[in-house]
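# Inside the fold
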Amino acid sequence: MTSWLRRYDLNPANAALLIFLWVFFIVFMLYPLGYVFSNAFFTSEGFSLVFMKLLFSSPNNTIILANSVNLGLAVTLFTTLLSLPLALLLVRYNFPGKGLLNGLILIPLVLPPFVGAIGMRQLLARFGSINLLLLQLGVINQPIDWLGGGSFWGVVILETLHLYPIMYLNLAAALANVDPSLEEAARNMGASSFKLFKTVTFPLMLPGYFAGAIIVFIWSFTDLGTPLVFEYREVVAVQIFNMVTDLHQNPMGYAFVVVVIALTLFFFYLSKRILGGGSYEMLGRGHVASAARPASVAITVIAYAVVLGISALALIPHLGVLLTSVTSRWFLSVLPSEYTIQFYKNVFSHDLALLSIKNSLLLSSLSTIIDIVLGITIAYLLARKRVPGRSVLDALAMLPLALPGLVLAFGYVAAFSATPLDARVNPVPLLVIAYAVRRLPYMVRAAYAGFQQTSIALEEAAINLGASPMKTLYQITMPLIFANLIAGAVLSFSFAMLEVSDSLILASKESYYPITKAIYALLGRIADGPYIASAMGILGLLLLAGSLFIAGRFFGRRMGELFRA
Amino acid sequence: MMVSVKFESVTKILGQSRAVDNLSLDIGAGELFFLLGPSGCGKTTALRTVAGFYTPDEGRILFNGQDQSRVPPHKRNTGMVFQNYALWPHMDVRSNVAYGLKMRRVSQVDKDKRVRHALEIVHMQAYAERMPNQLSGGQQQRVALARALVIEPDVVLLDEPLSNLDAKLRVEMRTQIKDIHRKIGRTMIYVTHDQAEALSMADRIAVMRRGRLVQVGTPHELYTRPESAFVAEFIGGTNLLRGTLEEVGDLLTVKTQAGIVRGKNGVKGMARGEPVFCSVRPESLRLKPAPASSSIPPSDATNELIAEVQSIMYLGDNELYSLRLADSTIVRAIEHNPTTRKAEVGDRLALEFGAQAVVVLPQEELGD
């Protein structure tokens, strides 16, 4: 054995696991991405930038790109404005009911904006509830065209209301990480509250802020469901979605996807540059006493007002969905005039709705099983073994956090067409794998956290007393990390149930539609389609809320870590 | 069964460094043997090599002459007590202790009996139903000990078992562990960085530094006859006077900047003119009023150096003096049972110490 190999724990079992993981990642992540790149840059005559030139020279395309960038920037800006006060209030002050408010802030995360868009459309329509209410109150005397201008603002509002919790989690973590003694030092030197924030606190928060901002930007930049429901077609995501169908005639789809990947990579590179600068590492902390202090009555009132106000705003779209789902008559009135639960019954009798629920349950269960197996294996190798290429394995397992579902699904359709996995023949295998890959980071993180909390000495103690490594895994390690595994699996499952972009792109035939694609299809049908879709949306929403609640019970305060970059 | 443990030129490389470097040791059957050294000296690595968690990169580990180097840890029959106890939080005390017996497929009746007995030895029989998180640190420590003993291991391995306890409990547990060792008579290898723990408990001690063995011996041998300035300093603490070896014979004569020092003891093979340290323990220094004339030649058996008092620390049962010699070296002296104060800060005193109390050692760089 060479000394190079001796540095690693490479027994045949570990090596086999490692090879298996590498093959999986290469086939289902690197190859599809590489395929997209090669099709974007290679014509039959070899390397060429012709598609890129075409992309950027067409005014139509540049408008589409600009729309998406603007969308991303606007959502990032608005989420920042909403979350910064929330973070400052909730991290810096203690007051009764703080835990409850903290939970309230996270709720919008469980409400897919794609579903919310249905309700929003209802509320913001030309003769929708909002306009009617304003007309009745006499604030306006003509309906406002809220969704005009290509519905840009509708998309921005919905995505902002969906994504601000992610920004909040990152800002709150960044703020909590600022060593209180650094601020005390600035105070001691005579800095006023505002000066203190500007010169010390905010600069120290910046890395955490960028981490959140990048997730929010990429998320809104590549969100497919919301613009589709708003019929706002002049964005990159929708363009890519449309191009999937004629992928072999029109290589522009590849070019668009490459732009998305390049932009994603650029932002993550930027974040690593900012985060990895290292100079902001907190040097030796004196006391890690919480910087939170008791809030005065005034501050408490403000905190409640801000949190409740923002949460109420965030719930409006979903209130719309809820109302739509129980409406039997809603025409030219602020609220429906007659209610019914007929559509919930229909969900379970309507062919497409019922079928899609069955499909989603099957697909998500399979993908969750894959995630459990892969997640535990990867986390185990990362946490317990010195294996070659450890950091690469880590990066690959986390890549799906940065990899938009849109890109992955597009890559799958393209790379596996005319293979046994062709999504247009039977999308089930690729749907399962896409769900699994997309949610793998949650499982890896959950299991990794479990391994880390479980001291390796606990395993060594068992081995020392005569337990074989396998027995140790079953009797000691697994029971100890079980809670983490459950939490990770619940999250993986419920997010897979409501996966939007991969489902829309990959599920090619109605008989394979998962819930999200069925909702989208139903929305386009006249008669009771939108109502059944709303009812399904509400059911999905309850599922996600329920599972996040369960996961939260297991994770406690560490929950937020799952949504950070 | 009583088992002897032999380290045969064991080297273990961790990362870039030789954590254990060519270590050879013979640990007798039934011995309470200590591995002592500052943190990072390789003592824990050596212990984990005995348990089998590390495979030696060079050399072998033998139990009763049988090579164990390739035996996986779960087949070695060693009982280890971990520094943080490593009690499984999802099992109660009884299940924790019974675990090793379950692995050995001991019959239920026998298992119950042995678990009860092991818990009795450590005075924890009343806590069998408790979960580990309901126990104090000292109680957890005892359960960990019972868990290691119950399997009747060939060797008991203890990795800094007392380091997480408070000072008072730590001293109590020393006696208890020594009692248990006497009762069960098994070979024990005990790792610590606490020299007082090692001195008070060990049959023999191996002092390690930077992965290497520095000296092996009984506590008394190590304290009275250190073979290096490092050992003299690390075990018990000492004063090291820098000088040059002038004469070698029955007495070793050393010329220091503060005066001539004669020593009875020294390491063999030192040559005249060699730079040396004279090691004198603080309790060997007697404080006397300084003589009027400053240059009294010392007699053969007694050394006398003039010093100025820098500080005095009153500790109740003794008084700790810090004094400065003529060459600015600071020495410490202990005055036992101080009734009246012998001197004040700034006073000049004579330090008297016998040649018997001086060990002459080659100069070396100190620290970890």
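In case you missed it, the structure is sitting above this.
Before going into details, it helps to say that this report is about the structure given with it.

Scoring rules and cut-offs
Residues numbered from 1 in each chain as written. Chains lettered and ligands numbered in written order. Predicted model: local features only at pLDDT ≥ 70, side-chain atom pairs only at ≥ 80, totals over all residues. Helix = DSSP H or I, 4+ residues; strand = E, 2+ residues; numbered from the N terminus. Buried ≥ 20, exposed ≤ 12 C-beta atoms within 10 Å, placed from the backbone. Contact = placed C-beta atoms within 7 Å. Axes fitted to C-alpha atoms, helices over the stretch in contact; angles between N-to-C directions. Left-handed = near helix turned anticlockwise from the far one by under 90°. Nonpolar A, V, L, I, M, F, W, Y, C, P; charged D, E, K, R; others polar. Expected span 1.5 Å × (residues − 1). Bend = angle between axes of the 7 residues up to and from the residue. Pairing = 2+ DSSP bridges. Core = buried A, V, L, I, M, F, W, Y, C linked by C-beta atoms within 7 Å.

### A look at the overall build of chain A
- Regarding its fold elements, chain A presents 24 helices and 6 strands.
- Here chain A holds 565 residues, and the buried ones make up 44% of them.
- Contacts in chain A between residues far apart in sequence, at least 24 positions, make up 80% of those at least 6 positions apart.

### Structural notes on the overall build of chain B
- Within chain B, the regular secondary structure consists of 8 helices and 21 strands.
- Considered along the principal axes of its C-alpha atoms, chain B spans approximately 85 × 45 × 35 Å.
- Within chain B, the fraction of its 368 residues that count as buried is 42%.
- A sequence separation of at least 24 residues applies to 67% of the contacts in chain B between residues at least 6 apart.

### Notes on unusual backbone geometry
Residues and elements named next belong to chain B.
- Phi at H123 is positive, roughly 60°, even though this residue is not glycine.
- Within the secondary structure, H123 is located in the loop between α3 (108-121) and α4 (137-149).
- Overall, H123 belongs to the exposed group, with 12 C-beta atoms counted inside 10 Å.
- Phi angles above zero are rare outside glycine, and E152 is one such case at about 50°.
- With respect to the helices and strands, E152 occurs in the loop between α4 and β7 (155-159).

### Considerations on the packing of helix α16 (residues 351-384) of chain A against helix α21 (residues 469-497) of chain A
All names here are of chain A.
- One can describe the packing of α16 onto α21 by two numbers: an axis separation of 9 Å at closest approach and a directional angle of 140°. The element α16 and its partner α21 pack so that their crossing is right-handed. Of the residues in α21, those in contact with S360, L363, S364, S367, T368, D371, I372, G375 and I376 of α16 are L485, G488, A489, S492, F493, A496 and M497.
- Residue composition of the contact of α16 with α21, grouped by class: 8 nonpolar, 7 polar and 1 charged.

### Description of helix α2 (residues 12-41) of chain A
Residues and elements named next belong to chain A.
- With 30 residues, α2 should reach 44 Å at 1.5 Å per residue; the first-to-last C-alpha distance of 40 Å fits that figure.
- When the local axis directions of α2 are compared, the greatest deviation, roughly 40°, occurs at I26.
- Along α2, the positions that sit buried rather than exposed are L18, F25, F28, M29, P32, V36, N39 and A40.

### With respect to the sheet that holds strand β2 (residues 17-27) of chain B
Residue and element names in this part refer to chain B.
- With antiparallel pairing, 4 strands are arranged side by side in an open sheet as β2-β1-β4-β5. Edge positions in the open sheet fall to β2 and β5 (66-67), since each of these has one partner strand only.
- Bridging between strand β1 (residues 5-14) and strand β4 (residues 58-63) involves 5 bridges; their strand directions are antiparallel. Residue pairing across strands places T11 opposite E58, the latter belonging to β4.

### What to know about the nonpolar core
- The biggest cluster of nonpolar side chains holds 151 residues, and the ones touching the most others in it are A:F410, A:Y412, A:A434 and A:L506.
- If one sorts the elements of this core by residue count, helix α19 (residues 428-453) of chain A sits on top with 17 residues.
- Discounting chain neighbours no more than four positions away, the residues touching A:L506 are A:A409, A:Y412, A:V413, A:A423, A:P427, A:L430, A:L431 and A:A434.
- Counting residues in each nonpolar core, the second largest holds 107 residues, with B:F7, B:I27, B:L158 and B:Y321 among its members.

### Section: the sheet that holds strand β12 (residues 252-256) of chain B
Residue and element names in this part refer to chain B.
- With respect to topology, 6 strands assemble into an open sheet ordered β13-β12-β11-β15-β21-β14, the strand pairing being mixed. Edge positions in the sheet fall to β13 (259-263) and β14 (265-266), since each of these pairs with one other strand and no more.
- As defined by bridge partners, strand β11 (residues 239-247) adjoins strand β15 (residues 275-280) across 6 bridges and the pair is classed as antiparallel. Paired with N239 across the bridge in β15 is V280.

### Things to note about the interface of chain B and chain A
- Listed per partner, the contact involves 17 residues of chain B and 15 residues of chain A.
- Listed by contribution, the elements that provide at least two residues to the side of chain B that touches chain A are β6 (78-81) and α2 (93-103) of chain B.
- Residue classes in the side of chain B that touches chain A are distributed as 10 nonpolar, 6 polar and 1 charged.

### Topic: the pairing of strand β9 (residues 204-209) of chain B
Residue and element names in this part refer to chain B.
- In terms of burial, β9 is a largely internal element, 5 of the 6 residues being buried.
- Looking at chain direction, β9 and strand β10 (residues 212-217) are connected through 5 bridges and run antiparallel. Paired with I205 across the bridge in β10 is G217.
- Between β9 and β10, which pair antiparallel in sequence order, lie 2 residues; one of them, R210, sits at a positive phi of approximately 50°.

### Describing α4(B)
All names here are of chain B.
- Its 13 residues place the ends of α4 18 Å apart at the C-alpha level, agreeing with the 18 Å of an ideal helix rising 1.5 Å per residue.
- Counting buried positions over the 13 residues of α4 gives 10, a clear majority of the element.
- Elements in contact with the buried residues of α4: β6, α2, α3, β7 and α5 (167-184).

### Notes on the pairing of β15(B)
Residue and element names in this part refer to chain B.
- Of all 6 residues in β15, 5 are buried, a share of seventy percent or more.
- As judged from the 5 bridges shared by β15 and strand β21 (residues 358-362), these two strands associate in the antiparallel manner. Bridging across to β21, C278 finds its partner in V360.

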